[in-house]
Amino acid sequence: MKNIYWAALHLVPGIGNKTLRHLYDYFKDGEVVWMADKKTLLDSKCLSEKTLSELIEFRQGYSLAQLEDELSRYKVKICIEADEEYPSSLKEIFDPPFILYYQGVLKSDESCIGVVGARACTPYGAQIAQNIASQLAKADFTIVSGAAKGIDTNAHIGALKTGRTIAVLGCGLDIAYPQENKQLLQDIAKTGAVISELPLKTAPIPGNFPVRNRIITGLSKGILVVEAAKKSGSLITAELALSEGRDVFAVPGNIYSVKSQGCHKLIQQGAKLVTSAQDIMDEYHSFVPKAQVETVQIEMTAEEQAIYDYLSLTEPKCTDEIIYKLRIDVSNIAFILLQMKLKGLIKETSPNFYIRQQRCV
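A brief look at the structure comes next.

Overview of the nonpolar core
Consideration 1: Membership of the largest hydrophobic core comes to 40 residues, with the highest contact counts inside it found for W6 and I99.
Consideration 2: Listing elements by their share of this core, those giving two or more residues are α1 (4-10), α2 (17-27), α3 (30-35), α5 (49-60), α6 (64-73), β1 (77-80), β2 (99-104) and α9 (182-191).
Consideration 3: Broken down by element, the residue count for this core peaks at five residues, all from α1.
Consideration 4: What I99 contacts, discounting residues up to four positions off in sequence, is W6, A7, H10, N17, L20, I78, C79, I80 and E197.

This is the structure we're talking about:
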């Protein structure tokens, strides 16, 4: 398997990105490093005495064949920084990962937008994440996110409907995290990629996620924050994006919602306010012509239009309230609401309670 020796070296205590890079610069070949005697390794001056001892001890009892079997079992491929498929934009960041483990297909040059936000998102945030991600993916942007609950998950789901998406994990690729996204991750790998810089069997501990976020920003031209509280990890990701010269976008929300306070803060600080996918595309018109994005026109009856205009994006309203406020015939309301659900105009959040579905263009 390609790069199997680099993957084995990556497992040695004390050998991280910096050391792997030094070893590559000196030896160029992972197999040569793995097979080198103590004197050759000492002469390279790439390893401290402690790390050299760790390497010699580690490789004596380690099975490369077992590692190769494990990687094959989970359909994991390995890419190092010097390989053609390594994403070019990721090389631009401070301390890019020397090695990437991935399922699916990596592309060295593609236009990516990162989408991040609250794990405990509102129906409004989930809907916005799906719609904008879907439209961007349809316009040949690749959507990058972290496969977490909430906004991340909805961004991946939206992108899968029309195009390509990349999930960046904070654990080994043999671990589905969160567990409920196991099928989603498998679906992503079919047309996009699931990637991690962490070896197999690495648990999703909290410290892995801030480090993981630099890969999301590194892959992306810009980061879209959909929902974020005042002290949110998404704001840290946005700050990281700015430090790497990436664009930052934010979706406004209800001024009384704590889930929108972080986004409003970003907008006050200069992030571009986004109400549709087109707002992001306008920033990259040289990459994606507007003509590539279809405007979706959905015909509505007068009653459907009245209900659509009356419903909120965030606050569900019950059937009785719709009937009372709009004077709609009770005998017709069930049929009208069913038709609107089928058209994707409204969503039933709980029995007989509805919100409006935003139509992004």
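Here the narrative resumes.
Considering the pattern of salt bridges
Consideration 1: Applying the stated criterion to the full structure yields 12 salt bridges.
Consideration 2: Note that K2 is salt-bridged to E85, the shortest N-O span being 3.3 Å. Taken together, the residues span a long stretch of sequence, with K2 in the segment before α1 and E85 in the loop between β1 and β2 at a distance of 83 residues.
Consideration 3: Judged by relative accessible area, E85 falls into the buried class, the value being 18%.
Consideration 4: For K201, the salt bridge identified is with E70, shortest N-O distance 3.1 Å. With K201 in the loop between β6 (193-196) and α10 (208-219) and E70 in helix α6, this residue pair connects regions lying 131 residues apart in the sequence.
Consideration 5: Accessibility expressed as a relative area gives 12% for E70, which makes it buried.
Consideration 6: Where salt bridges share partners, they join K2, D83 and E85 into one cluster.

Quick word on the packing of helix α14 (residues 302-310) against helix α15 (residues 319-326)
Consideration 1: Put simply, α14 and α15 touch, their axes get as near as 11 Å, and they point 115° apart. Relative to α15, α14 is oriented roughly perpendicular. When you trace α14 past α15, the crossing you get is right-handed. The segment α14 lies against α15, with A306, I307 and Y310 engaging E321, I322, K325 and L326.

Points about the sheet that holds strand β12 (residues 353-356)
Either a parallel or an antiparallel arrangement is found when strands of a sheet pair, and the pairing is made through backbone hydrogen bonds.
Consideration 1: Overall, antiparallel pairing links the three strands, which are arranged β10-β12-β11 in an open sheet. Among the strands making up the open sheet, the edge pair consists of β10 (317-318) and β11 (346-350).
Consideration 2: Strand direction decides the pairing type here: β11 and β12, joined by four bridges, are antiparallel. Paired with S350 across the bridge in β12 is F353.

Points about the packing of α14 against helix α16 (residues 330-342)
The axes of two packed helices give the description: the angle between them and the distance between them.
Consideration 1: For the pair α14 and α16, the least separation of the axes is 10 Å and the interaxial angle reads 75°. With respect to α16, the axis of α14 lies roughly perpendicular. Where α14 abuts α16, its residues E303, E304, I307 and Y308 lie against I333, I336, L337, Q339 and M340.

Criteria and cut-off values
- Residues numbered from 1 in each chain as written.
- Predicted model: local features only at pLDDT ≥ 70, side-chain atom pairs only at ≥ 80, totals over all residues.
- Heavy atoms only, no water.
- Core = buried A, V, L, I, M, F, W, Y, C linked by side-chain atoms within 4.5 Å.
- Buried < 20%, exposed > 50% of the residue type's maximum accessible area, 1.4 Å probe, protein only.
- Helix = DSSP H or I, 4+ residues; strand = E, 2+ residues; numbered from the N terminus.
- Contact = heavy atoms within 4.5 Å.
- Salt bridge = Lys/Arg side-chain N within 4 Å of Asp/Glu carboxyl O.
- Axes fitted to C-alpha atoms, helices over the stretch in contact; angles between N-to-C directions.
- Parallel < 35°, antiparallel > 145°, perpendicular 65-115°, else oblique.
- Left-handed = near helix turned anticlockwise from the far one by under 90°.
- Pairing = 2+ DSSP bridges.

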